[in-house]
There are 2 protein chains.
Amino acid sequence: MTLQHTRTHEPFIVDTTSSKLASLRPLHLRQVRLQDAFWEPRRQVNREITLPSQYQQCVTTGRLDNFKRAAGQIQGPFQGMFYNDSDVYKWVEAVAWTLAAEKDERLEAEVDEVIGLIAAAQGEDGYLNTYFTFENADQRWSNLRDMHELYCAGHLFQAAVAHHRATGKTTLLDVATRFADYIDSVFGTGERAGTCGHPEIEMALVELSRETGEERYLALAQRFIDNRGLEPPVVGGSTYHQDHAPFRQQNEVVGHAVRALYLYSGATDAYTQTGEQALLDAVNSLWSDLQEHKVYITGGVGSRYEGEAFGEPYELPNDRAYTETCASIAHIMWAWRLLLLTGESTYADALELALYNGMLSGISQDGESYFYQNPLADRGKHRRQPWFGTACCPPNIARLLASLPGYLYTTSENTLWAHLYASSEANVHLPQGGALTVRQSSNYPWDGKIEFSIEPETGQTTFELNLRIPAWAEGATVNVNGEALTAPVRPGSYYHIERDWRAGDRVELVLPLAMRAVTSHPHVSNNNGRVALLRGPLLYCVEQADHQADVWDITLPRQFEWSEHFDANLLGGVVTAQTQALAHTDQGWQGQLYRPYGQEQPTYTPTQLTAIPYYAWANREPGPMQVWLPIKPE
Amino acid sequence: MTLQHTRTHEPFIVDTTSSKLASLRPLHLRQVRLQDAFWEPRRQVNREITLPSQYQQCVTTGRLDNFKRAAGQIQGPFQGMFYNDSDVYKWVEAVAWTLAAEKDERLEAEVDEVIGLIAAAQGEDGYLNTYFTFENADQRWSNLRDMHELYCAGHLFQAAVAHHRATGKTTLLDVATRFADYIDSVFGTGERAGTCGHPEIEMALVELSRETGEERYLALAQRFIDNRGLEPPVVGGSTYHQDHAPFRQQNEVVGHAVRALYLYSGATDAYTQTGEQALLDAVNSLWSDLQEHKVYITGGVGSRYEGEAFGEPYELPNDRAYTETCASIAHIMWAWRLLLLTGESTYADALELALYNGMLSGISQDGESYFYQNPLADRGKHRRQPWFGTACCPPNIARLLASLPGYLYTTSENTLWAHLYASSEANVHLPQGGALTVRQSSNYPWDGKIEFSIEPETGQTTFELNLRIPAWAEGATVNVNGEALTAPVRPGSYYHIERDWRAGDRVELVLPLAMRAVTSHPHVSNNNGRVALLRGPLLYCVEQADHQADVWDITLPRQFEWSEHFDANLLGGVVTAQTQALAHTDQGWQGQLYRPYGQEQPTYTPTQLTAIPYYAWANREPGPMQVWLPIKPE
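Residues numbered from 1 in each chain as written. Chains lettered and ligands numbered in written order. Predicted model: local features only at pLDDT ≥ 70, side-chain atom pairs only at ≥ 80, totals over all residues. Heavy atoms only, no water.

Peer 1: Quick question: what am I supposed to make of the overall build of chain A here?
Peer 2: In terms of regular secondary structure, chain A is built from 13 helices and 23 strands. Expected size for 634 residues packed as a compact globule is a radius of gyration near 26 Å; at 25 Å, chain A falls within 12% of this value. Here chain A holds 634 residues, and 65% of them are scored as buried. Intrachain contacts of chain A at a sequence separation of at least 6 include 68% that bridge at least 24 residues. Accessible surface, chain A: about 21,200 Å² in total, of which carbon and sulfur atoms supply 46%. Counting 49 positive and 77 negative side-chain charges, chain A places the centres of these two groups 1 Å from one another. (Helix = DSSP H or I, 4+ residues; strand = E, 2+ residues; numbered from the N terminus. Rg over C-alpha atoms; globule rule 2.2 N^0.38 Å. Buried < 20%, exposed > 50% of the residue type's maximum accessible area, 1.4 Å probe, protein only. Contact = heavy atoms within 4.5 Å. Areas by Shrake-Rupley, 256 points an atom, 1.4 Å probe, with all protein chains shown as cover. Lys, Arg positive; Asp, Glu negative; His and termini not counted. Charge placed at Lys NZ, Arg CZ, Asp CG, Glu CD.)

This is how it looks when you write it as structure tokens:
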């Protein structure tokens, strides 16, 4: 049985073209070419440094050998963690998105080689997991709670869908569908209630269904969602494994953050295909809980080292923030799906925040080392690492950067939506508007002026252009061909421009990027009396390398003014912000942890404060860093 | 070879009588009878409720069956955790201290029965651990890092020493020495470098040496200290196992808090016997680091759930404070040893703080349920439990309460030192002062007036009375027979009164107990702009049961005055403190986690604040609790 809708093999990041419920349809990777000075150089590093070095890591850590071994090509023991196949799949996905619009013979050869190994490692029956071969083969599906078999399968499916969409080749897609059919024969028939202790396969199956037209995969995704929170539990019943409650009854984000957000993403995908209201109600409740109680100002989520879990509401410690890079990425994935579903700008705002901050801090400027945890305060001990025993984050960053052009625009009916801002060229086809080219020219995120030029293929056409006005962009302005538009520009919405467009029409959007300070809910005790600094989508921090005084002692006066300038030679080119601040120098605290109230006689010395983008910290010499800065008490 | 000193079988909690280095010699449990309204009723609950219920827990959880099984008396599998023997030993120790000065036929029969089981479970060779019997016997000493064999042995030795000192019986001491001799034959000879992943045996061996006069046990304790931080490491090399560095090179408290503090206590004991300066230097450095950077205002320590570890300096979260009850007890044990060594009041202050707060919060008012973690803020989810799979805390509380009278007084030369204040009667013998009876009469900690009456056996004698003036006791006064003394009373020291005492002489010490507020170091970000409230040795908190407004919204004005009164019917009788405070009611935070700085328009409504002692929280209906209260910003 196949889906009713036209199947596509274009490199959409999430393909909502077959869903009547999705408000938006994305542009795919061959439609959008980034040309900006912020993301495109990072994507180049991703392609030239990160992906080759991750390939080498997969070689030296035995991740590829595990496939060779499973294929019978080499002898020896299984190497590393039992879920290591998933890192290879994520690397394949990242390469696939990279190859969608760019030639890279080395990567192409490597990915074909790796796909060959993957295919060779697949069993006669379709089963594929290099850990569960030979001596462990009899343990297949015996511990769904802990052993990540379906999780690894999910990453395989995502890689296969990406590879097919990007290259048109079916080499990996055939492997994926064979395995998916086998999984469906085990878990899809009603005889065995299964689900995975680590959600991931749900969204992968929805996309596999979209790519192949096979509705059984969608049904299987649904079934894996439905099998959570049963009595007796299928995978242990804990929040850690997202098995504590039936999904449709959930309204509180709990448990392991990455597992939770992957599940929420999969449930959103499933709703987008099925329209089941109970799924949407749960998704909406969970999103609200996350945004109102449990998200960091970085867009990062997951407060606790213990269980890599969300904490209680307002439990957002800065120095011990866990905020796994993968959780920021999962947050982006979920936000993207909700944006496609609804067309509401709040999701794009959340996506942009997590993208520029919580995700981007996860990789070094040189593209070769990574944060697993992304704290918001540190004493200089926390440094990026070249790899991890559990290496989920590095290839997760790589696949996101590779796929980034796919997040800029969407269309709906006769409307073109611009979500992210970066110099770029996009080829769009609108049902009535026809083909057109849209060029963005900006120095975002350093400068808030973004120019669009519209080139209809026929020289003239009618459509609506929707520009995202971020919630922080108070005072944003829009003009067309130099004339200001009369409709008010409201932050936290899309600005609609419907007109007859002619070749050469220019739209100028100006998003005010002045430094701004935010406070957090009083119950976030570690932020009481403190502010975080942002400029446009970027969170700022203070790092020791720019200061004499301990940055943990730096205090802002109650009023402050910023001097901002772009420093091309600093941290790959960043806007820094300076202000006159104070360094707390109360010697009475020497050797004291507690003192009688009222005995403090805080003394301060003036000091220059230099704030840098949070994502760029820990690329210089180690030292303290802080995001939330105290305001001097009166 | 035996020690030079007179051996004693009196129930000293830590017997420093054989150490020339110890400044102080404690009174033992038969010398001091508590008669107060605070501790003695708790000790009665301990004897009548807690210890019998813990015995039942040891029965129903198979802890006693494990001994029967090892003795060949019953069949079946080993039950529970491999370290469960230690809970039985701690219960035996608690009963022993209880029986030292009191008759309790039921407890006496139970403890004799349990000791019989322990003895019967001992191997021919002296080995004793019920997990490592039968099917696991061949794994003895094969995993010193994880399997707690020496830890369990340490608890056995402490129980045996207590039992011998309390009852004069050698039934358990003989078991202990046989096992200690066996351990010495394995690890004491130089052939095998061993130590335990969970320190504990070190202090036990020093006391066993003191009790038996056997110097080999002291040497073995030293050896277990010396074998930490070797290259290659003996027990894995981690901070968690206190194997990260040679002890004498340590100056930072790191790793698992209970393991660390047990080790520091053992090293302090060892120094007290040997006088090795390098040990003392490390001990002093570690104490300073703990007090200056890593101790909660409760006296609790160990900030992190992850690894039950100390955090970084100033990492003292309130809601996620781990602060295991055992860590507070270990803090008390270490402070007591340093007090005996030095006679410095700072150690007694630390001991008292941890005793009244961090330890005492660990047990419910009814004596039948326990906290493992003791947070300083909560939303109402954290409740005491009747028992735990890992049940170290409950019998640890029981043995401390049972031994409490032993902490009140010490002597040195011709001086009597009073460390803790509670109505009591003590029989003292001073080298030159001879025998005398000292009676304390007070309603401490509710009232700060403490009266001492001195009754020399001969009607008249000369000695010095040293009264601890806690560091918080600004304005304390002392008079003798109604006449104020001229020497200034300095908080944070002992006040010396040397005179010819006559029968009926009365000393009146007044410690001002007004509510006081303290602040914490600015780097403890979660306490910025907040105060903690104390009254005498007691930390106070606000609990939801006394308030309409959410106690997390309660804010203190910058100036506040207290109305304090004793409520006999509340929580077993407590002084509560009331003040006019404010409830934060800024509706702008509804559904918001972050807001622009300057947009807050904090609104407050007056509210009555009622503070209760921290130790008493969570004995009523569940609800939020908070220790560190915000001060209203100007």
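That covers the picture; the talk isn't over yet.
Peer 1: Sorry, what's going on with the domain arrangement of chain A here?
Peer 2: When the parts of a complex come together, some accessible area is lost, and that lost area is often used as the size of the interface. All names here are of chain A. For chain A, the assigned domains read domain 1 (25-407), domain 2 (411-510) and domain 3 (516-630). For domain 1 versus domain 3, the separation of C-alpha centres amounts to 35 Å. Listed as interface residues are 27 residues of domain 1 and, on the opposing side, 29 residues of domain 3. When domain 1 packs against domain 3, close to 2,500 Å² is buried across both sides, 56% of that on carbon and sulfur atoms. Considering only the surface of domain 1 that becomes buried against domain 3, Tyr 314, Arg 379 and Arg 383 emerge as the three largest contributors, covering 25% of it. Connecting domain 1 to domain 3 are 1 salt bridge. (Domains from an automatic or database assignment. Buried area = accessible area lost by both parts, 1.4 Å probe. Salt bridge = Lys/Arg side-chain N within 4 Å of Asp/Glu carboxyl O.)

Peer 1: Even after reading the chapter, I still don't get the sheet that holds strand β1 (residues 25-26) of chain B, so can you show me in this structure?
Peer 2: Pairing between sheet strands relies on hydrogen bonds along the backbone, with the strands arranged either parallel or antiparallel. Residue and element names in this part refer to chain B. Read from one edge of the open sheet, 5 strands run β1-β4-β5-β9-β12, paired in mixed fashion. Strands with a single pairing partner mark the edges of an open sheet, and in this sheet they are β1 and β12 (493-502). Bridge count for strand β5 (residues 415-418) against strand β9 (residues 460-469) is 4 bridges, and the pairing is parallel. Opposite Trp 417, over in β9, you have Asn 466 as the bridge partner. Contacting β1, β4 (409-412) and β12, helix α11 (residues 325-342) runs over the sheet at an angle of about 25° to β4. Most of the contacts of helix α12 (residues 345-359) go to β9, to which it runs at about 60°, and overall it touches β9 and β12. (Pairing = 2+ DSSP bridges. Axes fitted to C-alpha atoms, helices over the stretch in contact; angles between N-to-C directions.)

Peer 1: I tried to follow the interface of chain B and chain A on my own but got confused; where do I start?
Peer 2: Taken together, the contact between chain B and chain A spans 50 residues of the former and 50 residues of the latter. Buried area between chain B and chain A, both sides added, is near 4,100 Å², and the carbon and sulfur share of it is 54%. The three residues of chain B that bury the most area against chain A are Leu 593, Tyr 594 and Tyr 597 of chain B, which together make up 20% of that side's buried surface. Scanning the region where chain B abuts chain A turns up 20 residue pairs in polar contact (both at pLDDT 80 or more). Where the side of chain B that touches chain A is concerned, the elements lending two or more residues are α10 (277-293), β14 (515-520), β15 (530-535) and β20 (594-596) of chain B. Across the side of chain B that touches chain A, the residue classes tally to 20 nonpolar, 12 polar and 18 charged. Across 3 bridges, the pairing between strand β14 (residues 516-520) of chain A and β20 of chain B is antiparallel. Its bridge partner being in β20 of chain B, Ser 520 of chain A is matched across the sheet by Tyr 594 of chain B. (Polar contact = N/O pair within 3.5 Å; in protein donor to acceptor, adjacent residues only side chain to side chain. Nonpolar A, V, L, I, M, F, W, Y, C, P; charged D, E, K, R; others polar.)

Peer 1: So what exactly am I meant to see when it comes to the pattern of salt bridges here?
Peer 2: One side chain can pair with another of opposite charge once the charged atoms of both are near each other. Residue and element names in this part refer to chain A. Tallied over the full model, the rule gives 82 salt bridges over all chains. Arg 145 is paired through a salt bridge with Asp 146; the nearest N and O atoms lie 2.9 Å apart. On the basis of relative accessible area, Arg 145 is assigned to the partly exposed category, the value being 37%. Judged by relative accessible area, which is 24%, Asp 146 ranks as partly exposed.

Peer 1: Which parts of the structure should I look at to understand the sheet that holds strand β8 (residues 449-456) of chain A?
Peer 2: Read across the open sheet, the 7 strands follow the order β2-β6-β7-β8-β13-β10-β11 (chain A); overall the sheet is antiparallel. A single partner strand is all that each edge strand has here, and the edge strands are β2 (32-34) and β11 (483-484) of chain A.

Peer 1: I keep staring at empty space enclosed by the protein and nothing clicks. Help me out?
Peer 2: Summary: where empty space remains is shown by rolling a probe the size of a single water molecule over the atoms. For the structure on display, the rule yields 8 cavities of 30 Å³ or more. Here the largest cavity defines a volume of roughly 600 Å³. As for the largest cavity, its lining consists of 44 residues, of which Pro 317, Asp 319 and Arg 320 of chain A together with Pro 317 and Arg 320 of chain B are closest to the centre. (1 Å grid on protein atoms, 1.4 Å probe; cavity = no way out; pocket = protein on both sides within 12 Å on 5 of 7 lines; lining within 4 Å. Points joined across faces, edges and corners; volume = space filled by probe spheres on them.)

Peer 1: Can you walk me through the environment of Cys 392 of chain B in this structure?
Peer 2: By the secondary structure assignment, Cys 392 of chain B is in the loop between β3 (377-378) and α13 (393-403). What makes Cys 392 of chain B buried here is its relative accessible area of 9%.

Peer 1: Explain the relation of the copies chain B and chain A to me, please; I cannot follow it from the model alone.
Peer 2: Both copies of the chain are related by a screw-like operation: a rotation about an axis and a shift along it. When chain B is fitted to chain A, the best match, at an RMSD of 0.0 Å, comes from turning it 180° and sliding it 0.0 Å along the axis. Look at the turn and shift together and you get a two-fold axis relating the two. In terms of proximity to the rotation axis, the leading residue of chain B is Asn 526 of chain B, whose C-alpha is 1.8 Å off the axis. Both copies contact each other with a shared surface, as 100% of the interface residues of chain B are interface residues in chain A too. (Least-squares fit on C-alpha atoms with pLDDT ≥ 70 in both.)

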